[in-house]
Number of protein chains: 2
Amino acid sequence: MKNIIGEIKKLVLSSKTAIIASHIDPDGDTLGSMIGLAIILKRVGLDCVMYSQDGVPNTYKFLSHSDEVVNKAPKTEFDLLIAVDSSDISRIGEHKINAKKIINIDHHPDNTNFGDINFVELLSAVAEQIYHIAIEFGVKIDEEIAEALYVSIITDTGNFKYSNTLPSTFYVAGELVNAGANPFKLANQVYENQSVSSFKLLAKALESMEVVKNSKVAYSVITHQMIVDVQARGDDFVGIIDHLRSLKNVEVAVLFREEEREKYKINFRSKGSVNVSKIAKELGGGGHVKASGCIVSGRLEEVKNKVLNLLLPEIK
Amino acid sequence: MKNIIGEIKKLVLSSKTAIIASHIDPDGDTLGSMIGLAIILKRVGLDCVMYSQDGVPNTYKFLSHSDEVVNKAPKTEFDLLIAVDSSDISRIGEHKINAKKIINIDHHPDNTNFGDINFVELLSAVAEQIYHIAIEFGVKIDEEIAEALYVSIITDTGNFKYSNTLPSTFYVAGELVNAGANPFKLANQVYENQSVSSFKLLAKALESMEVVKNSKVAYSVITHQMIVDVQARGDDFVGIIDHLRSLKNVEVAVLFREEEREKYKINFRSKGSVNVSKIAKELGGGGHVKASGCIVSGRLEEVKNKVLNLLLPEIK
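On a predicted model such as this, the values are computed, not experimentally measured, just so you know.

Quick question: what am I supposed to make of the interface of chain A and chain B here?
One widely used convention gives an interface's size as the accessible area the parts lose upon coming together. Listed per partner, the contact involves 40 residues of chain A and 40 residues of chain B. Across the interface of chain A and chain B, roughly 3800 Å² is buried in total on both sides, 63% from carbon and sulfur atoms. It is Phe170, Phe184 and Phe199 of chain A in chain A that bury the most area against chain B; as a group they hold 18% of the surface buried on that side. One can count two salt bridges joining chain A with chain B. The closest approach of N and O atoms between Arg245 of chain A and Glu192 of chain B, which form a salt bridge, is 3.0 Å. Applying the counting rule to chain A against chain B returns 18 residue pairs in polar contact (both at pLDDT 80 or more).

Structure, rendered in structure tokens:
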């Protein structure tokens with residue numbers, strides 16, 4: 001890790017301008033890492049632009065400097081394009097950015113090494129890598145950097161609950177708290193900003209919940225009518241599937257959400273050994289071993305049967 | 001800290017038997033600390049009994065050695081009584097335990113220093129102190145110790161979300177993960193064992209939710225009929241108030257729960273500056289600044305008015 005950060009340092013110090021890009025549909029890791037890195041690079045004299053094609057979701061607008069993020073890349077030429085948390089360059093969205101060199105900082109195992117320098121490490125969050133860049137550059141981690149990087153870590157680890165939580169994750173988090181990140185305040189900002197409509201939707205999802213196969217599978221249906229009734233917005237669906245997953249003995253949780261009439265978006269979460277990516281793929285979708293999704297058209301009973309007929313034989 | 005652990009070491013090494021006591025109505029911190037400490041002391045040759053007057057709740061029965069915890073203290077004389085996580089000796093329940101010396105290991109600011117040795121530090125969890133005892137004794141932290149202490153830390157910090165989460169908390173957690181504690185598995189064990197009835201109850205609580213005073217106060221009512229309908233048990237109420245608290249802009253969350261006909265148990269949670277202990281006290285209850293409770297008798301409308309008339313003027 002030290003060598004590659006040395007290379008990055010050399011290239012950065014011989015550059016004047018940089019555009020740092022987060023990925024489309026941005027999450028806390030890509031945004032926090034981008035903001036943290038921008039502050040660090042400005043401190044060593046770089047002229048930095050932060051670019052997120054899809055802007056900054058409300059949840060993360062409390063972060064310092066998030067209002068400086070642009071959603072249109074300037075047409076000027078940059079010395080550096082730095083992509084953070086993107087496994088492929090296409091993940092940053094519009095990629096006609098004019099830059100002499102590309103630095104690729106990521107933690108996804110399927111990263112395509114698209115940069116002139118590729119700093120790819122399988123850590124919990126890109127924030128861990130940005131932390132080490134700050135150390136190497138000798139930039140003091142202040143409260144602004146600490147908050148941005150701490151938010152990155154908690155969003156990508158489910159606040160230290162996912163299996164990507166490593167000893168190094170705790171080490172870095174401790175240093176960030178030491179530098180001014182406040183765990184209570186930041187967890188509050190990220191997790192305790194639920195809307196009334198999200199609560200009403202959760203209530204409906206929990207009421208419609210069914211458990212089958214010795215309680216190893218739990219599923220809920222959110223109909224279009226429910227969405228209309230509670231006036232739900234996009235953010236309101238976040239977290240419902242995790243509730244289903246938290247049920248005792250559940251190995252796979254499934255959420256059916258009627259996006260349009262007779263068209264269902266289906267999310268899967270596995271906490272056991274079932275590979276839900278396989279099931280989503282068979283239905284034309286994709287995802288990871290423990291979290292996947294697909295879209296299936298048809299009447300609700302047909303859609304449910306199709307999914308359960310594929311899923312239930314996988315449960316031991 | 002080092003001096004006092006030195007004193008503990010001296011006393012332990014000149015002793016043969018010990019009873020380690022957790023507090024009544026035990027939580028993960030007192031149980032995990034007790035189990036972790038018992039393993040450590042057995043390793044240095046002590047004959048140890050673990051005592052919890054109220055036994056071990058189901059949530060924590062997965063911990064190694066939890067089946068060795070007794071809920072009746074033997075009448076024999078012990079060289080040492082070690083109380084963990086108890087601010088006063090009365091917190092261990094039956095305290096006619098016959099012991100030559102008492103060691104008091106706790107992190108509560110109101111600890112009464114009841115021991116012959118008092119190891120009281122305002123850390124996130126007693127587990128942090130037990131960790132340092134293991135280091136001082138030169139006992140290698142294995143997976144069993146690491147799991148017990150990690151569970152202590154996550155239960156007392158709300159999985160690193162409460163304001164008692166310190167840099168040292170992350171440092172110790174990282175070392176425990178390094179020694180074999182699995183964050184994903186342990187968070188699952190502690191937080192992802194919800195019952196179907198708890199979900200149905202949560203759904204009803206969320207549906208009954210009202211927000212007042214510019215969404216700064218959210219409250220829900222759980223009637224006796226709802227409890228009967230979903231066949232709810234004691235554990236099923238845990239966490240409902242935290243959901244209310246997670247609503248955007250909420251400063252105080254209140255849960256009214258009909259325990260008997262026209263008798264309501266009321267819980268308060270504050271995430272802003274309102275001191276809810278003051279309000280609970282005015283109604284004959286008690287608690288902390290950010291978490292308190294009381295019992296009020298009367299018809300629902302009367303009870304609600306009584307509570308809201310006290311609470312709403314406190315909201316700025």
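Help me understand the relation of the copies chain A and chain B, please; the structure alone is not making it clear to me.
These two copies of the chain differ by a rotation about an axis and a displacement along the same axis. After a rotation of 180° and a shift along the axis of 0.0 Å, chain A superposes on chain B with an RMSD of 0.3 Å. What we have between these two chains is a two-fold relation. Within chain A, the C-alpha atom positioned nearest to the axis of rotation is that of Ala203 of chain A, 2.1 Å from it. Most of the interface of chain A is mirrored in chain B, where 100% of its interface residues again form contacts.

I would appreciate a short explanation of unusual backbone geometry in the present structure.
Note: most peptide bonds trans; most residues except glycine with negative phi. Residue and element names in this part refer to chain B. Positioned with a positive phi, Asn113 is a non-glycine residue whose angle comes to about 50°. Along the chain, the position of Asn113 falls in the loop between strand E4 (99-106) and strand E5 (117-120). With a relative accessible area of 46%, Asn113 lands in the partly exposed category. Residue Gln231 is not a glycine yet carries a positive backbone phi of 55°. Considering the arrangement of structural elements, one finds Gln231 in the loop between helix H8 (224-230) and helix H9 (240-245). Given a relative accessible area of 65%, Gln231 falls into the exposed group.

Before we go on, may I ask you to explain the pairing of strand E7 (residues 217-222) of chain B in this structure?
Remember that side chains alternate between the two faces of the sheet whenever the strand is regular. All names here are of chain B. Taken across its six residues, E7 has six buried, putting it largely inside the fold. Residues of E7 alternate between two faces, with Val217, Tyr219 and Val221 on one and Ala218, Ser220 and Ile222 on the opposite face, all of them buried. The antiparallel hairpin formed by strand E6 (residues 210-212) and E7 contains four residues in its connecting segment, where Lys213 sits at a positive phi of about 55°. Relative to strand E8 (residues 252-260), E7 runs parallel, the two being bridged by six bridges. The residue bridging Ser220 from the neighbouring strand is Leu255, located in E8.

Looking at this structure, how should I read the packing of aromatic side chains?
We describe a pair of aromatic rings using the distance from one ring centre to the other and the angle between the two ring planes. What the rule picks out here adds up to twelve aromatic pairs over all chains. With a centroid separation of 6.3 Å and 35° between ring planes, the pair formed by Phe170 of chain A and Phe170 of chain B is classed as tilted. Of this pair, Phe170 of chain A sits in helix H5 (residues 167-178) while Phe170 of chain B is found in helix H5 (residues 167-178), placing the two residues in two different chains. For Phe170 of chain A, a relative accessible area of 0% gives the class buried. Through a chain of ring-to-ring contacts, the aromatic side chains of Tyr150, Phe160 and Phe170 of chain A together with Tyr150, Phe160 and Phe170 of chain B assemble into a single cluster.

Even after reading the chapter, I still don't get the side chain of Gln129 of chain B, so can you show me in this structure?
Residue and element names in this part refer to chain B. Mapping Gln129 onto the fold places it in helix H3 (residues 126-137). Among the residues examined, Gln129 registers a relative accessible area of 0% and is labelled buried. Look past the residues within four positions of Gln129 in its chain and what remains in contact with it is Ile105, Asp106, His107, Phe119, Val120, Glu121 and Leu123.

Looking at this model, I keep getting lost on the sheet that holds E8 of chain B. Mind explaining?
Strand pairing within a sheet occurs via backbone hydrogen bonds; the two strands may be parallel or antiparallel. All names here are of chain B. Read from one edge to the other, the open sheet built from six strands follows the order E6-E7-E8-E9-E11-E10, with strand pairing classed as mixed. The open sheet has two edge strands with one neighbour each: E6 and strand E10 (286-287). Where E10 and strand E11 (residues 291-297) come together, two bridges link them in antiparallel fashion. Looking at E11, one finds that Gly286 is bridged to Gly293.

Hey, could you run me through the packing of helix H1 (residues 2-13) of chain B against H3 of chain B in this one?
In helix packing, the relevant descriptors are the interaxial angle and the interaxial distance, both defined with respect to the helix axes. Residue and element names in this part refer to chain B. Closest axis-to-axis distance for the H1/H3 pair is 10 Å, and the angle between their directions is 65°. For the element pair H1 and H3, the recorded crossing hand is right-handed. When H1 is examined against H3, the residues Lys2, Ile5, Gly6, Lys9, Val12 and Leu13 are found in contact with a partner set consisting of His132, Ile133, Glu136 and Phe137. Grouping the amino acids of the contact of H1 with H3 by side-chain chemistry returns five nonpolar, two polar and three charged.

Would you explain helix H3 (residues 126-137) of chain A in this entry?
Residues separated by three or four positions in an α-helix point in the same direction, a consequence of the helix having 3.6 residues per turn. Residue and element names in this part refer to chain A. With twelve residues, H3 should cover 16 Å at 1.5 Å per step; its first-to-last C-alpha distance of 17 Å lies within 8% of that length. Burial within H3 is extensive, with nine of its twelve residues counted as buried. Of the residues making up H3, those classed as buried are Val126, Ala127, Glu128, Gln129, Ile130, Tyr131, Ile133, Ala134 and Phe137. Just downstream of H3, Gly138 is the residue with a positive phi angle, here 70°.

Hey, could you run me through the environment of Gly158 of chain B in this one?
Summarising the element assignment, Gly158 of chain B is placed in the loop between helix H4 (143-157) and H5. When the C-alpha atoms of Gly158 of chain B and Tyr191 of chain B are compared, they prove to be 9.7 Å apart, with 33 residues separating the residues in sequence.

Can you walk me through the pattern of salt bridges in this structure?
When their charged atoms lie close together, side chains carrying opposite charge are able to pair. Residues and elements named next belong to chain A. A complete count under the given rule lists 26 salt bridges over all chains for this structure. The partner of Asp236 in a salt bridge is Arg233, and the shortest N-O contact between them spans 3.9 Å. Residue class for Asp236 comes out buried when judged on its relative accessible area of 3%. One salt bridge connects Lys278 with Glu314, and the closest N-O pair in it is separated by 3.1 Å. Of this pair, Lys278 sits in helix H10 (residues 276-282) while Glu314 sits in the segment after helix H11 (300-311), placing them 36 residues apart in sequence.

About the thresholds
Residues numbered from 1 in each chain as written. Chains lettered and ligands numbered in written order. Predicted model: local features only at pLDDT ≥ 70, side-chain atom pairs only at ≥ 80, totals over all residues. Heavy atoms only, no water. Contact = heavy atoms within 4.5 Å. Buried area = accessible area lost by both parts, 1.4 Å probe. Salt bridge = Lys/Arg side-chain N within 4 Å of Asp/Glu carboxyl O. Polar contact = N/O pair within 3.5 Å; in protein donor to acceptor, adjacent residues only side chain to side chain. Least-squares fit on C-alpha atoms with pLDDT ≥ 70 in both. Helix = DSSP H or I, 4+ residues; strand = E, 2+ residues; numbered from the N terminus. Buried < 20%, exposed > 50% of the residue type's maximum accessible area, 1.4 Å probe, protein only. Pairing = 2+ DSSP bridges. Phe/Tyr/Trp six-rings, centres within 6.5 Å; stacked < 30°, edge-to-face > 60°. Axes fitted to C-alpha atoms, helices over the stretch in contact; angles between N-to-C directions. Left-handed = near helix turned anticlockwise from the far one by under 90°. Nonpolar A, V, L, I, M, F, W, Y, C, P; charged D, E, K, R; others polar. Expected span 1.5 Å × (residues − 1).

The analysis is restricted to geometry; functional conclusions fall outside its scope.
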